[in-house]
Every structure is written in structure tokens, then in C-alpha cells.
Amino acid sequence: MQFQFSSFADFLVMDGHGVYVWVSYAITFAALAAMALYPWLTRRRLQRELQHQQRIAQRRRKVKEGRQVVEETA
């Protein structure tokens, strides 16, 4: 089996085209990582927002119950 490049350094340089090839790979992998992470981060944000809204609703129910107890005793 014969390799195209004589050394690893030649492989990285790729006859002067290495910069373009490796930048293309980096951009592709960054885009794939972003597409994989975006739904996960969005779900986490929405879960935190839902928990926050639920805490607010619980506090409002407690306040409302407290007012009803005060009105019944008055």
C-alpha cells in the first residue's frame, strides 16, 4: 500500500491546499456541533422557564389561599 504523502507534515500541508481543506473541515464540524447542541440548549432554557412560571403560579395560589383564610375569619 502506497500513501499519497511522504510524511504527516506533507499530509497537513497538502501541496499548499491544506489551509483550505482544514478550515472547511473545521467549519463543517462547528456547524454540525451547533446543530446538535441548539435543540438541547433550547430545551434546557424552556424547562427553566417553565419551572419559573410554575413557582410563580404556586406563590400566587398561596397568596390567594391566604387572602381567603383572612376573609373567612374577618
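On a predicted model such as this, the values are computed, not experimentally measured, just so you know.

1. Describing the UniProt feature "transmembrane region" (unreviewed entry) in the protein
Part 1 of the reasoning: As recorded in UniProt, the feature "transmembrane region" (unreviewed entry) lies at residues 20-41.
Part 2 of the reasoning: Segment residues 20-41 splits into 100% helix and 0% strand. End C-alpha atoms: 31 Å apart.

2. Description of the packing of aromatic side chains
Part 1 of the reasoning: Taken as a whole and assessed by the stated rule, the structure comprises 5 aromatic pairs.
Part 2 of the reasoning: An angle of 70° between the planes, with centres 5.7 Å apart, marks the rings of Phe 5 and Phe 11 as edge-to-face.
Part 3 of the reasoning: Using a relative accessible area of 28% as the deciding quantity, one classes Phe 5 as partly exposed.
Part 4 of the reasoning: A residue is classified by how much of its surface remains accessible, and Phe 11, at 30% relative accessible area, is partly exposed.
Part 5 of the reasoning: Ring plane angle 35° and centroid distance 5.6 Å describe the contact between Trp 22 and Tyr 25, whose orientation is recorded as tilted. You can see Trp 22 and its partner Tyr 25 sitting in helix 2 (residues 18-73), 3 residues apart, about one turn around the helix.
Part 6 of the reasoning: An aromatic cluster is present here, built from Phe 5, Phe 8, Phe 11, Trp 22, Tyr 25 and Phe 29 joined pairwise through their rings.

3. With respect to unusual backbone geometry
Part 1 of the reasoning: You will see that Met 14, though not glycine, has its phi angle at about 50°, which is positive.
Part 2 of the reasoning: In this structure, Met 14 sits in the loop between helix 1 (8-13) and helix 2.
Part 3 of the reasoning: Even without being a glycine, Asp 15 presents a positive backbone phi close to 55°.
Part 4 of the reasoning: Mapped onto the elements of the fold, Asp 15 is located in the loop between helix 1 and helix 2.

About the criteria used
- Residues numbered from 1 in each chain as written.
- Predicted model: local features only at pLDDT ≥ 70, side-chain atom pairs only at ≥ 80, totals over all residues.
- Heavy atoms only, no water.
- UniProt positions renumbered as here; feature names shortened; annotations may be inferred.
- Helix = DSSP H or I, 4+ residues; strand = E, 2+ residues; numbered from the N terminus.
- Phe/Tyr/Trp six-rings, centres within 6.5 Å; stacked < 30°, edge-to-face > 60°.
- Buried < 20%, exposed > 50% of the residue type's maximum accessible area, 1.4 Å probe, protein only.

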